[in-house]
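Secondary and tertiary structure notes
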Amino acid sequence: MPLGKRTDLGDAKFSGVQVSFTRDIVKKAESELLCGFDFIVAPLTRPDYRPPAKCDGSETQAPASFSRNDVLYINSSQWANHIVGAVSTWVDPDSPSPKLRRSSTLQIQQELGWAAHLGLQAVLMPPPPHPGASFSYSQLIAQHLHNLTNMAVWVTIPLGSKATEANLDPPPCRDSDSLTFPSLSTVPLLVPAAIIRGSGSGSSEEDSGSNDLAAADPAWSAWNQIRFQTDHHALLGVALELGSILPPATQLAKWRAEPVKAVLIPTCVFATNKRGFPVLPKAHQEFLVEMFRLGVQVIVVPRGGEDGVEDLGMGVKESSSSSSFSSF
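Some points on the overall build of the protein
A tally of helices and strands in the protein yields nine helices and ten strands. The proportion of buried residues among the 328 residues of the protein is 51%. Sequence separation of 24 or more characterises 75% of the internal contacts of the protein that already satisfy a separation of 6 or more.

Shown next as structure tokens:
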């Protein structure tokens, strides 16, 4: 079933918008749909929610129950088709801090379980905090995907870098150029080395080649590691978050062969044309056209407030003339 199925916009593309946490999510969804969006991406929990502390300091703990005020809540299945749940952005299950690692693991487990309970079609994961060494992050996704659920998981991967021009001041877009990858020889072997590399016997030459690839194309390498560690699951997808400056065309071309489910467009990427309307740079427009042909959905991500995002969403919709988006 298509996401946020509509009948009043012809063959326009399906687009969504990321919103802040609210206890009246149905009212918020209705408001955004009236503004022209087809679905919303909403946090699954309050931004300040943290799992209860564990007294014995163990690494494992049964997830605690949420209270209704802590979480995204819908009481009708009709809205599950218009809402994508967003996992908390602070989580870092691969952190060197035992406390943060433990609370992050519990948070992800709770949020994925709650999203499945609500019957959502998909959840959006934050970018992996440690690209190339996100083993616990990947393991938690794999556990969810293999637990007999039909809910898709979209992994956010920043694509490109932020510009330094005056008209692209902070709040900045996320920067994939800042992703760093450790040497494979120093990575804790929580999974087989061959899976980390994708193939090979583990020679130092292969280590060097893998690290060179990661340095040359950090965004794709970060995604590739997670994909291998989740066994190429059919419900795993990628959500590309565009930076102000996109990578070379040769790197962008790789994504045509990947399960890209959504393209996230932060409002900081848009510029203003001579008539005062928000527009995307030419390179971004060309990449979106490629993604449109593959049925990829578009999500507008506010930076510094949500005012005016409906104009951006409608502009993205109207820039496309091909058939509507496919289902998850």
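There's more to say after this.
A closer look at helix H1 (residues 25-34)
Within an α-helix, residues lying three or four positions from one another point in the same direction, as the helix has 3.6 residues per turn. Taken together, the buried positions of H1 are Ile25, Val26, Ala29, Glu32 and Leu33. For H1, the angular spread of buried residues about the axis comes to 130°, placing them on one side. Away from the buried face of H1 by more than 90 degrees, exposed residues Lys27 and Leu34 are located. Considering only its buried residues, H1 is in contact with strand E1 (15-18), strand E2 (39-43) and strand E3 (83-86). Once H1 finishes, glycine 36 follows within two positions and takes phi at roughly 110°, a positive value.

Considering the sheet that holds E1
Pairing is parallel in the closed barrel, where eight strands are placed in the order E1-E2-E3-E4-E5-E6-E7-E10. Strand-to-strand twist across the sheet, computed as the mean angle between neighbouring axes with direction ignored, equals 30°. Summarising the sheet, strand E7 (residues 260-266) and strand E10 (residues 297-301) pair through five bridges and their orientation is parallel. The residue of E10 that forms the bridge with alanine 262 is glutamine 297. Of the strands in this sheet, strand E4 (122-125), strand E5 (152-159) and strand E6 (236-242) touch helix H3 (residues 135-145), which is tilted by about 155° from E5.

Concerning unusual backbone geometry
Here the phi dihedral of aspartate 231 falls at roughly 60°; this positive angle occurs in a residue that is not glycine. One can find aspartate 231 in the loop between helix H6 (218-229) and E6. Despite not being glycine, histidine 232 has its phi angle at roughly 55°, a positive value. You can see histidine 232 is positioned in the loop between H6 and E6. Its relative accessible area of 47% is what places histidine 232 among the partly exposed residues.

Here's the deal with the nonpolar core
Within the largest apolar cluster, 62 residues are counted, with the highest numbers of intra-cluster contacts made by Ile74, Ile83, Leu120, Ile157, Trp255 and Ile265. For isoleucine 74, the residues in contact, after removing those within four places along its chain, are Ile25, Val26, Trp79, Ala80, Ile83, Leu118 and Leu120. Listed in part, the 13 residues of the second largest apolar core include Val41, Val84, Trp154 and Leu264.

Here's the deal with the pairing of E6
When you tally the buried positions in E6, you get seven out of seven residues, the bulk of the element. Across the two faces of E6 the burial is the same, with Leu236, Val238, Leu240 and Leu242 and Gly237, Ala239 and Glu241 all buried. Where E5 lies against E6, seven bridges are found, and the strand directions are parallel. What sits directly across from isoleucine 157, in E6, is leucine 240. Sheet topology places E6 next to E7; four bridges connect them, and they run parallel. By the bridge assignment, leucine 240 is partnered in E7 with valine 263.

Notes on the packing of aromatic side chains
Scanning the model with the defined rule gives zero aromatic pairs in all. Positioned above the aromatic ring of tryptophan 90 is the side chain of arginine 50, whose terminal nitrogen or guanidinium carbon lies 4.1 Å from the ring centre. It is lysine 254 that lies over the ring of tryptophan 220; its NZ or CZ is 4.9 Å from the centre.

Here we look at the confidence of the model for the protein
Residues at a pLDDT of 70 or more form 68% of the protein, whose mean pLDDT is 78. The lowest-confidence element of the protein is helix H4 (residues 193-197), averaging 37 in pLDDT; the highest-confidence one is E6, averaging 97. Here residues 6-12 is a poorly scored stretch, pLDDT under 50, and it has 13 contacts once near neighbours within four places are set aside; other chains count. Note on residues 180-206: pLDDT under 50 across the span, and 40 contacts to partners over four residues away in sequence or across chains.

Rules behind the numbers
Residues numbered from 1 in each chain as written. Predicted model: local features only at pLDDT ≥ 70, side-chain atom pairs only at ≥ 80, totals over all residues. Heavy atoms only, no water. Helix = DSSP H or I, 4+ residues; strand = E, 2+ residues; numbered from the N terminus. Buried < 20%, exposed > 50% of the residue type's maximum accessible area, 1.4 Å probe, protein only. Contact = heavy atoms within 4.5 Å. Arc of directions from axis to C-beta. Pairing = 2+ DSSP bridges. Axes fitted to C-alpha atoms, helices over the stretch in contact; angles between N-to-C directions. Core = buried A, V, L, I, M, F, W, Y, C linked by side-chain atoms within 4.5 Å. Phe/Tyr/Trp six-rings, centres within 6.5 Å; stacked < 30°, edge-to-face > 60°. Lys NZ or Arg CZ within 6 Å of the ring centre and 35° of its normal. pLDDT = per-residue confidence, 0-100.

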